[in-house]
Amino acid sequence: MIATAGQKHSRPIRDQCGSCPDRFARDKRQVAMVDSDTTEEESSTDEEERWKDVARAAEIPAEYYNIQKLVKYIKAGNQTATIVSLCCLQDYDLRIQINQFAIQDIGGLDVLVNILECNDTKCCLGALTVLSDITLNIDIRKTIVDLDGIPLIVDILNSSMKDLKTMAAETLANVSKVRLARKYVRQCGGISKLVDLLDIKMSILQTPRNQLTVEEIEFLDMARAGSRALWTLADSKHNMELMRKSGIVPLMANLLKSVHIDVVIPIMGTVKKCSSEPKFQLAITTEGMIADIVTHLNSECIDLKVECSTALYKCAFDATTRDLVREAGGLAPLVSILKDKSVRDNKPLIRGATGAIWMCAMSDENVEQLDDMNVIHHLVSLLADECDEVLTNVTGALSECVRFQQNRVAVRNANGLPAMVALLNSSHAPLLENLATAIKECAEDPESMRILEQLDAVRLVWSLLKNTSPRVQANAAYAICPCVRNATDSAELVRSLVGAMELVVGLLKSKEIMVLSAVCAAIATIALDQTNLAILTDLRVIYKIADLVNTTDDMLRMNLAAAVAACACFGNNTEELGRLRTVTPIVTYMTSENPMVHRTTAMALEKLSMDPQNCITMHQSGVVPFLLECIGSTNKELQLAAAGCLRNIRELALRAEEYMLKIDDD
């Protein structure tokens with residue numbers, strides 16, 4: 001029976017086995033290469049390096065030949081010999097690479113895959129047990145895929161035997177680390193079958209293993225194997241969507257309540273990967289998983305903590321989820337991870353914890369709790385970390401915390417400003433985005449601004465405008481606003497930076513709305529000084545601003561109107577802006593529902609109404625009803641600007657009326 005199965009695949013068995021001189025010589029050459037200072041390109045993944053860098057012994061061990069003998073017995077023997085040989089194979093440590101090569105070199109993979117097609121459950125179980133061990137090797141995984149082993153393994157998931165399904169799922173968990181294998185599992189209908197393995201009674205999940213019956217342990221092992229396989233398969237977005245449609249969400253919620261760590265870790269890993277998808281994020285919240293995730297965050301298991309903290313990092317962008325994390329007491333264990341210096345070298349854990357704190361700090365209530373835990377001190381201590389992703393999360397968390405004055409003081413007292421400024425020389429764009437935002441908030445504090453000036457931070461922030469990332473450019477432009485506004489001698493500071501204003505005006509050609517909006521805000525601040533405004537005018541800033549007025553984006557409208565208001569009062573800029581037909585588009589900004597847009601628009605219209613022709617254009621554009629409505633606003637700046645514009649329009653009308661009466665009298 002086995003000989004027939006071995007002949008089904010027409011692939012020839014390799015001519016040379018491990019005992020051939022060529023193979024032995026190749027082994028020794030690889031050992032020499034590992035020991036030498038070779039410049040050969042290394043594997044692109046850590047996993048490949050882990051296997052390819054394994055040093056081989058100077059001589060092939062006896063186990064190599066013994067394993068090959070057993071494979072020959074499997075090829076040529078009867079059913080009983082096959083089962084015995086498979087059992088004997090399991091006596092060897094098949095996780096060792098040289099033993100895996102022994103099976104692979106003599107054509108054993110073809111035989112093992114063919115056995116999966118037979119009807120004998122003992123043979124299938126033995127073959128799967130061997131495959132589950134040797135598929136830790138990435139080359140063997142790829143070979144299994146090439147031998148069309150995936151459909152056979154998936155088909156075994158239909159078996160009524162729990163141990164068969166368990167070993168099939170364990171094998172898929174390893175083989176599915178190959179991208180093509182994940183696709184084949186999906187196409188063969190394996191996702192829904194694996195999801196079905198997770199359907200297990202809650203009583204089994206919440207009972208210690210030593211108190212379970214043999215049958216219950218089989219169910220538990222099957223659920224663990226299915227969880228491991230789905231954890232690997234979740235690397236594909238298509239697979240994640242199919243898992244969701246197969247009803248995995250409530251099953252994940254049940255498994256997270258388990259007391260068995262070996263079940264919780266893979267299902268938590270699946271939750272972590274799936275939480276990057278919006279549909280899953282909503283489901284995780286609605287199914288009440290956040291409380292269970294927080295519970296496991298207090299676990300002693302480091303691997304489980306990594307998965308939990310990363311899952312919270314991905315989910316907590318939503319305000320509801322952030323509230324659930326706080327209510328479940330999730331902030332304290334996250335901060336305790338930062339306090340524990342023994343885990344500082346565990347970058348995935350620190351990255352997950354700092355990321356979760358960053359997301360949670362977007363809610364004011366969470367910041368209050370984090371302040372009570374002295375989180376600023378712990379975050380500042382992490383600014384010396386070498387991992388860019390950790391630094392990105394740390395500066396992101398700081399940027400959210402320093403929205404409050406007491407935390408700006410805390411950062412300053414913790415000597416965090418020099419560390420933040422030093423990081424401005426980084427080339428990691430996400431880190432620079434968060435740094436610019438954090439410095440923007442710190443610059444609102446006068447004492448912190450003095451320190452930033454001493455550290456030459458303004459020049460470094462300004463240089464970020466040259467960065468190729470639009471988000472870095474936008475955040476840097478926003479950071480410039482408080483830096484210029486609160487500097488000791490802001491006007492001289494700006495002029496002392498060579499090419500600074502040219503750089504700002506040049507960004508008005510950007511294609512990104514966020515950059516244009518931020519640059520307009522910076523121009524509105526810089527133009528408060530008349531000398532700087534004169535320089536900006538010479539750089540033809542009003543012509544570039546005029547090209548942007550026909551926008552529907554409220555943020556750009558708000559800052560653009562502020563820039564117009566700041567630039568209009570110099571020289572003949574008011575008349576020139578009218579000639580460039582900017583008045584009517586700016587009047588349309590009053591139709592926005594954003595009151596901040598109304599404020600800056602009214603300020604711009606007040607300045608533009610200094611020119612009589614602009615007043616006529618405003619009146620014809622129907623601005624008066626909007627201005628009358630704005631006078632009733634609770635915002636004093638908006639009231640004054642609207643009233644000032646109406647005054648100018650009314651004065652022009654009165655002068656025109658007096659002129660007409662004078663003509664009539666004559």
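Reading guide: rules and limits
- Residues numbered from 1 in each chain as written.
- Predicted model: local features only at pLDDT ≥ 70, side-chain atom pairs only at ≥ 80, totals over all residues.
- Heavy atoms only, no water.
- Phe/Tyr/Trp six-rings, centres within 6.5 Å; stacked < 30°, edge-to-face > 60°.
- Buried < 20%, exposed > 50% of the residue type's maximum accessible area, 1.4 Å probe, protein only.
- Lys NZ or Arg CZ within 6 Å of the ring centre and 35° of its normal.
- Axes fitted to C-alpha atoms, helices over the stretch in contact; angles between N-to-C directions.
- Helix = DSSP H or I, 4+ residues; strand = E, 2+ residues; numbered from the N terminus.
- Parallel < 35°, antiparallel > 145°, perpendicular 65-115°, else oblique.
- Left-handed = near helix turned anticlockwise from the far one by under 90°.
- Contact = heavy atoms within 4.5 Å.
- Arc of directions from axis to C-beta.
- Polar contact = N/O pair within 3.5 Å; in protein donor to acceptor, adjacent residues only side chain to side chain.

Some points on the packing of aromatic side chains
- One pass over the structure, following the stated rule, counts one aromatic pair.
- Ring centres 5.4 Å apart and planes at 80 degrees place the aromatic pair Tyr 64 and Tyr 65 in the edge-to-face group.
- Overall, the relative accessible area of 1% leaves Tyr 64 in the buried class.
- Lying over the aromatic face of Phe 219, Lys 162 brings its terminal NZ or CZ to 5.0 Å of the ring centre.
- Lying over the aromatic face of Tyr 543, Arg 540 brings its terminal NZ or CZ to 4.1 Å of the ring centre.

Remarks on the packing of helix H8 (residues 121-134) against helix H11 (residues 162-175)
- Their axes nearest at 9 Å, the elements H8 and H11 cross at an angle of 30 degrees. Taken together, the axis directions place H8 and H11 in an arrangement best described as roughly parallel. As for how H8 packs across H11, the hand of that crossing is left-handed. Contacts between H8 and H11 involve Thr 121, Cys 124, Leu 125, Leu 128, Thr 129, Leu 131 and Ser 132 on the former and, on the latter, Asp 163, Leu 164, Met 167, Ala 168, Glu 170, Thr 171 and Asn 174.

Here we look at helix H17 (residues 248-255)
- Where burial is concerned, most of H17 is hidden: six out of the eight residues are buried.
- Residues of H17 that are buried: Ile 248, Val 249, Leu 251, Met 252, Ala 253 and Leu 255.

Describing helix H37 (residues 530-538)
- Buried within H37 are the following residues: Asn 532, Leu 533, Leu 536 and Thr 537. One side of H37 carries all its buried residues, which in axial view fall inside an arc of 140 degrees.
- At its buried positions, H37 is contacted by helix H34 (490-496), helix H35 (500-506), helix H36 (513-526), helix H38 (541-546), helix H39 (554-567) and helix H40 (573-579).
- Sitting at the head of H37, Asp 529 places a side-chain oxygen 3.1 Å from the backbone nitrogen of Thr 531.
- At the C-terminal side of H37, Arg 540 shows a positive phi close to 60 degrees.

By themselves, these are just geometric observations and shouldn't be taken as functional.
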